[in-house]
Amino acid sequence: MAPGPTVPKHLNFITGNKNKLAEVQAILEGVIELRNQNVDLVEIQGTIEEVTRDKCRRAAEAIQGPVLVEDTCLSFKAMNELPGPYIKWFMLSLGPLNIHKLLSGFPDKSATAICTFAYCEGPGHEPVLFQGKTDGLLVESRGPTVFGWDSCFEYEGKTYAEMDKSEKNKISHRGKALDKLKEWLKSRVDEE
Ligand SMILES: O=c1[nH]c(=O)c2ncn([C@@H]3O[C@H](COP(=O)(O)OP(=O)(O)OP(=O)(O)O)[C@@H](O)[C@H]3O)c2[nH]1
Ligand SMILES: [Mg+2]
């Protein structure tokens, strides 16, 4: 095997978000077996990469072993890329029916969904990052309001919530990040 981090056959994906977990499981099916643990991790303030690296280090410390984590951002061009990693708190306060109002004073509704995965071999190891981005628009909610801001993020005329899952996974920020992770995993999974 090439030098660098190894990955166990059963990978611990640390997340408390059931919808995220379901998408990641669907996309990684047949590639690697995921195990999920919900560890309540502190999320710091900083750039997307700083937030994700720190989250990954904390997860590896918490379970004392190899971990995969993911952090999702939603950034608005008119707001100089905010809320970014802090979108969760805006969603919790405003909900899917009101989130579009954040841009009501701005003509530019451009939004970018960014997904950053981080893998870490264990405590003390440097996390490796895999990022995917999808450009779209922030719109009034259309479609089921099951997952976060899916009903408010429009890509080529449809909101994520109006797409079926396989359609979303093909073009989504998460799908693109996982394509990179899958490629990397091919040479890294420890078969022993
Ligand atoms: O409509 C959506 N489509 C998506 O594809 C998507 N992915 C994440 N989110 C939401 O964006 C925030 C990210 O925060 P986040 O990355 O810290 O996640 P989280 O705290 O829920 O879980 P985790 O940190 O335990 O993994 C949270 O409000 C998530 O619900 C999404 N909403
Ligand atoms: Mg979180």
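Reference entry: report on the structure contained in this document. (Residues numbered from 1 in each chain as written. Chains lettered and ligands numbered in written order. Predicted model: local features only at pLDDT ≥ 70, side-chain atom pairs only at ≥ 80, totals over all residues.)

Counting its secondary structure elements, the protein contains 5 helices and 8 strands. The N-to-C order of helical and strand elements in the protein reads β-α-β-α-β-β-α-β-β-β-β-α-α. Its C-alpha atoms give the protein a radius of gyration of 17 Å, near enough to 16 Å, the size a compact globule of 192 residues would have. The dimensions of the protein, computed from C-alpha atoms along their principal axes, are 55 × 30 × 25 Å. Counting all 192 residues of the protein, 35% fall into the buried class. (Helix = DSSP H or I, 4+ residues; strand = E, 2+ residues; numbered from the N terminus. Rg over C-alpha atoms; globule rule 2.2 N^0.38 Å. Buried ≥ 20, exposed ≤ 12 C-beta atoms within 10 Å, placed from the backbone.)

Around ligand 1 sit 17 residues in total, of which Thr-15, Asn-17, Thr-72, Gly-148 and Asp-150 are the nearest. Of all the secondary structure elements, the ones that give two or more residues to the shell around ligand 1 are strand S3 (67–76) and helix H3 (87–94). A breakdown of the residues in the shell around ligand 1 according to their chemical character gives 5 nonpolar, 5 polar and 7 charged. (Near = placed C-beta within 6 Å. Nonpolar A, V, L, I, M, F, W, Y, C, P; charged D, E, K, R; others polar.)

Moving on, we come to the pairing of strand S6 (residues 128–138). Successive side chains on a regular strand alternate, one facing one side of the sheet and the next facing the other. As paired strands, strand S5 (residues 110–120) and S6 are joined by 10 bridges and run antiparallel to one another. Of the residues in S6, the one forming a bridge with Ser-110 is Leu-137. Bridge analysis of S6 against strand S7 (residues 153–155) gives 2 bridges, and the strand direction is antiparallel. Paired with Leu-137 across the two strands is Glu-154, which belongs to S7. (Pairing = 2+ DSSP bridges.)

Grouped together as the largest cluster of nonpolar side chains are 36 residues, with contacts concentrated most on Cys-56, Val-67, Val-69, Phe-117 and Phe-153. Taken together, the elements giving at least two residues each to this core come down to strand S1 (10–14), helix H1 (18–28), helix H2 (48–63), S3, S5, S6, S7 and helix H5 (173–186). With 8 residues, S5 is the largest single contributor of residues to this core. (Core = buried A, V, L, I, M, F, W, Y, C linked by C-beta atoms within 7 Å.)

A separate point is the packing of H1 against H5. Running from N to C, H1 and H5 point in directions that differ by 45°, and their axes come no closer than 10 Å. When the axis of H1 is compared with that of H5, the two are oblique. Read as a crossing pair, H1 and H5 show a hand that is right-handed. On the side of H1, the interface is formed by Glu-23, Val-24, Ile-27 and Leu-28, while H5 contributes Arg-174, Gly-175 and Leu-178. Classifying every residue of the contact of H1 with H5 by side-chain character gives 4 nonpolar, 1 polar and 2 charged. (Axes fitted to C-alpha atoms, helices over the stretch in contact; angles between N-to-C directions. Parallel < 35°, antiparallel > 145°, perpendicular 65-115°, else oblique. Left-handed = near helix turned anticlockwise from the far one by under 90°. Contact = placed C-beta atoms within 7 Å.)

Here 5 bridges tie S1 to strand S2 (residues 33–37), and the two strands are oriented parallel to one another. The residue of S2 that forms the bridge with Phe-13 is Asn-36. Where the polypeptide runs from S1 across H1 and back to S2, its parallel neighbour, the crossover connection is right-handed. (Right-handed = clockwise from strand over helix to strand, strands pointing away.)

Of the positions making up H1, those classed as buried are Glu-23, Val-24 and Ile-27. Seen along its axis, H1 keeps its buried residues to an arc of 95°; they face one direction. In H1, those exposed residues whose orientation departs by more than 90 degrees from the buried face are Lys-18 and Ala-22. Where H1 is buried, its residues contact S1, S2, helix H4 (165–171) and H5. (Arc of directions from axis to C-beta.)

One can find Asn-80 in the loop between S3 and strand S4 (83–84). Owing to 8 C-beta atoms within 10 Å, Asn-80 belongs among the exposed residues under this scheme. Along the backbone, Asn-80 and Tyr-119 are 39 residues apart, and their C-alpha atoms lie at a distance of 28 Å.

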